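So you can see what is in the structure, the chains are spelled out below.
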Amino acid sequence: MISRRNLIKNLSAVPLLGGLAGTTKVLPFLEAAPAAGKDYFRELGVRTFINAAGTYTAMTGSLMLPEVLEAIRYASKEYVMLDEIQDKAGQRIASLVRSEYAVVTSGAFSAITLGLTGVLAGMDEKKVAMVPQLEGTGMKTEVIMQKAHDIPYAHALKNTGVKVIMIETREELEKAINDQTAMLFFVNANNYDGKIQVEEWIKVAKDHNLPAMIDCAADVPPVENLWRYTEMGYDMVCFSGGKGIRGPQSAGLLLGKEKYLKAARLSMPPRGNTIGRGMKVNKEEILGMMVALELYVARDHAKEWKQWEAQIAQIGDAAKSVPGVTVETKVPPVANHIPTLHVSWDAQKLPFTAAQLREKLRKGTPSIEVADGQHGNKYAISITTWMLVPGQEKIVAAKLKEALSAES
């Protein structure tokens, strides 16, 4: 009998391009039995809710479309080679987003770690196995980013063992670049927070012949962002799969230059002795992510935008009908670029905090989740409608008005 260790060793030797061909027939006893309408969340005592907040990981991202769920169900009935489905799905995805190469990852965080590992180790499998121990290996040890971009998810860089160098100005960036600089890293959501913006950052990288990666986790819509940054010259672009694209929440995309992404693949399963072994994506997620992207690119985005605006207007009208309540619709310039309703109130007329209002909505029937207000305002909340099931905007409007009125 072949051991698990030898199986992993043999699978690791399968070329990245290609794999084993063939399909299997589903045996009768493997056919999934119908769930018979079981309410698993109710059985477990898990609260479900209407998501008027957005694509927060803590709220399990977005809901997958029926076609995505069908692709996942389809994939669950057959065996395929993991490298081969990555190859073929990656080719389809790359063509959709006008990229040289594409890989489905376990979220945008993992895309950052894997992409950087590809830069550090290249196609040298001995070096791949050494990461995150970089000292004395000949691999570079530093990544540069702006201090204004130091979000928690930047920890994905540190997982590879690099030292992250923080800078603020163009002059500091130029001085920080040295023979240990592996890559320049940019967080697109914070584009306008830093002193060096997205076009200038890539120019510096090109001037110094350094690879540049951009984190665009929550940056669709607009759909054009899927190819904007690779066309701008970024070598690697990272997206979340379970936000606006509405793929599996645990999936993501790493897009960009073939040489870096092929190298990143050496740190991904089924290969075992790597930093990415725990960042597994299964065949169901890979196929589901591909189908979700196909649907997203083909969507009527203008029509969808008008729907969001109409839903926001309906909820806003209900809220501002309560004396003391003010509403305003804004669209964030980069990440989560969708119509967002900001609801605030006069604390003298409505003596309750946002936390109290959120709790009231959360404990209502049905339960509704909304987001915090801008700039820590404790008398404000924000609402988006892009994660609502059509028709739920009517419920949110009625329940929000009821909650505001009950406290006035």
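A brief structural summary. All figures in this text were calculated on a predicted structure; none of them were measured in a lab.

1. A short note on the overall build of the protein chain
Now for step 1: Tallying secondary structure elements over the protein chain gives 15 helices and 13 strands in all.
Now for step 2: At 23 Å, the protein chain has a C-alpha radius of gyration in line with the 22 Å of a compact globule built from 408 residues.
Now for step 3: The burial tally for the protein chain puts 49% of its 408 residues in the buried class.
Now for step 4: In the protein chain, 72% of the contacts between residues at least 6 apart in sequence involve partners at least 24 apart.
Now for step 5: For the protein chain, the accessible area works out to roughly 20,000 Å², and carbon and sulfur atoms hold 54% of it.
Now for step 6: Positive and negative side-chain charges in the protein chain, numbering 48 and 45 respectively, have mean positions lying 4 Å apart.

2. Details of helix α9 (residues 198-207)
Now for step 1: Considered for burial, the residues of α9 that qualify are Val198, Trp201, Ile202, Val204 and Ala205. Burial along α9 is one-sided: seen end-on, the buried residues are contained in an arc of 155°.
Now for step 2: Against the buried residues of α9 lie β3 (142-146), β4 (163-167), α8 (170-176), β5 (181-187), β6 (212-215) and α10 (225-232).

3. Thoughts on the packing of helix α5 (residues 107-121) against helix α11 (residues 258-265)
Now for step 1: Where α5 meets α11, the closest approach of the two axes is 7 Å, and the angle between their N-to-C directions is 105°. Taken together, α5 and α11 sit at an angle that is classed as roughly perpendicular. For the pair α5 and α11, contact is made by Leu114, Gly115, Gly118 and Val119 and by Tyr260, Ala263 and Ala264, respectively.
Now for step 2: Across the contact of α5 with α11, the residue classes break down as 5 nonpolar, 2 polar and no charged.

4. Brief notes about the side chain of Asn51
Now for step 1: Take Asn51: it is sitting in strand β1 (residues 50-51).
Now for step 2: The class for Asn51 is buried, based on a relative accessible area of 9%.
Now for step 3: Within the structure, Asn51 has its side chain in polar contact with the backbone nitrogen of Ala53 (distance 3.0 Å).
Now for step 4: Dropping the residues within four chain positions of it, Asn51 is found in contact with Met59, Gly61, Glu369, Thr384, Met387 and Leu388.

5. With respect to the sheet that holds strand β12 (residues 371-372)
Now for step 1: Spatial strand order, β9-β10-β13-β12: 4 strands in an open sheet with antiparallel pairing. In the strand order of this sheet, the two ends are held by β9 (325-330) and β12, each with one partner.
Now for step 2: Alignment of β9 against strand β10 (residues 340-345), held across 6 bridges, turns out to be antiparallel. Its bridge partner being in β10, Lys330 is matched across the sheet by Thr340.

6. Digging into the environment of Asn190
Now for step 1: Residue position: Asn190 is located in the loop between β5 and α9.
Now for step 2: Between the C-alpha atom of Asn190 and that of Val322, which follows or precedes it by 132 residues, the distance is 35 Å.
Now for step 3: Those residues in contact with Asn190 that lie beyond four places of it in its chain are Ala148, His149 and Ile151.
Now for step 4: In this structure the side chain of Asn190 is engaged in a polar contact, spanning 2.8 Å, whose partner is the backbone oxygen of Ala148.

7. Some words on the nonpolar core
Now for step 1: The biggest cluster of nonpolar side chains holds 84 residues, and the ones touching the most others in it are Leu157, Met183, Leu226 and Tyr234.
Now for step 2: A per-element tally of this core places helix α12 (residues 283-298) first, with 8 residues.
Now for step 3: Residues contacting Met183, with those up to four places away along its chain left out, are Leu116, Val119, Glu142, Val143, Ile144, Leu157, Pro211, Ala212, Met213 and Met236.

8. Overview of the pattern of salt bridges
Now for step 1: Evaluation of the coordinates by the stated rule reveals 28 salt bridges.
Now for step 2: Residues Arg42 and Asp39 are paired through a salt bridge, measuring 3.3 Å at the closest nitrogen-oxygen approach.
Now for step 3: The class for Arg42 is exposed, based on a relative accessible area of 68%.
Now for step 4: Judged by its relative accessible area of 37%, Asp39 falls in the partly exposed class.
Now for step 5: Linking Glu171 and Lys175 is a salt bridge whose minimum nitrogen-to-oxygen distance equals 3.4 Å.

9. Considering the pairing of β3
Now for step 1: With 5 of its 5 residues buried, β3 lies for the most part within the structure.
Now for step 2: Bridge count for β3 against β4 is 5 bridges, and the pairing is parallel. Opposite Ile144, over in β4, you have Ile165 as the bridge partner.
Now for step 3: Where β3 and β5 come together, 3 bridges link them in parallel fashion. Within β5, the position partnered with Glu142 by the bridge is Thr181.

Parameters at a glance
- Residues numbered from 1 in each chain as written.
- Predicted model: local features only at pLDDT ≥ 70, side-chain atom pairs only at ≥ 80, totals over all residues.
- Heavy atoms only, no water.
- Helix = DSSP H or I, 4+ residues; strand = E, 2+ residues; numbered from the N terminus.
- Rg over C-alpha atoms; globule rule 2.2 N^0.38 Å.
- Buried < 20%, exposed > 50% of the residue type's maximum accessible area, 1.4 Å probe, protein only.
- Contact = heavy atoms within 4.5 Å.
- Areas by Shrake-Rupley, 256 points an atom, 1.4 Å probe, with all protein chains shown as cover.
- Lys, Arg positive; Asp, Glu negative; His and termini not counted.
- Charge placed at Lys NZ, Arg CZ, Asp CG, Glu CD.
- Arc of directions from axis to C-beta.
- Axes fitted to C-alpha atoms, helices over the stretch in contact; angles between N-to-C directions.
- Parallel < 35°, antiparallel > 145°, perpendicular 65-115°, else oblique.
- Nonpolar A, V, L, I, M, F, W, Y, C, P; charged D, E, K, R; others polar.
- Polar contact = N/O pair within 3.5 Å; in protein donor to acceptor, adjacent residues only side chain to side chain.
- Pairing = 2+ DSSP bridges.
- Core = buried A, V, L, I, M, F, W, Y, C linked by side-chain atoms within 4.5 Å.
- Salt bridge = Lys/Arg side-chain N within 4 Å of Asp/Glu carboxyl O.

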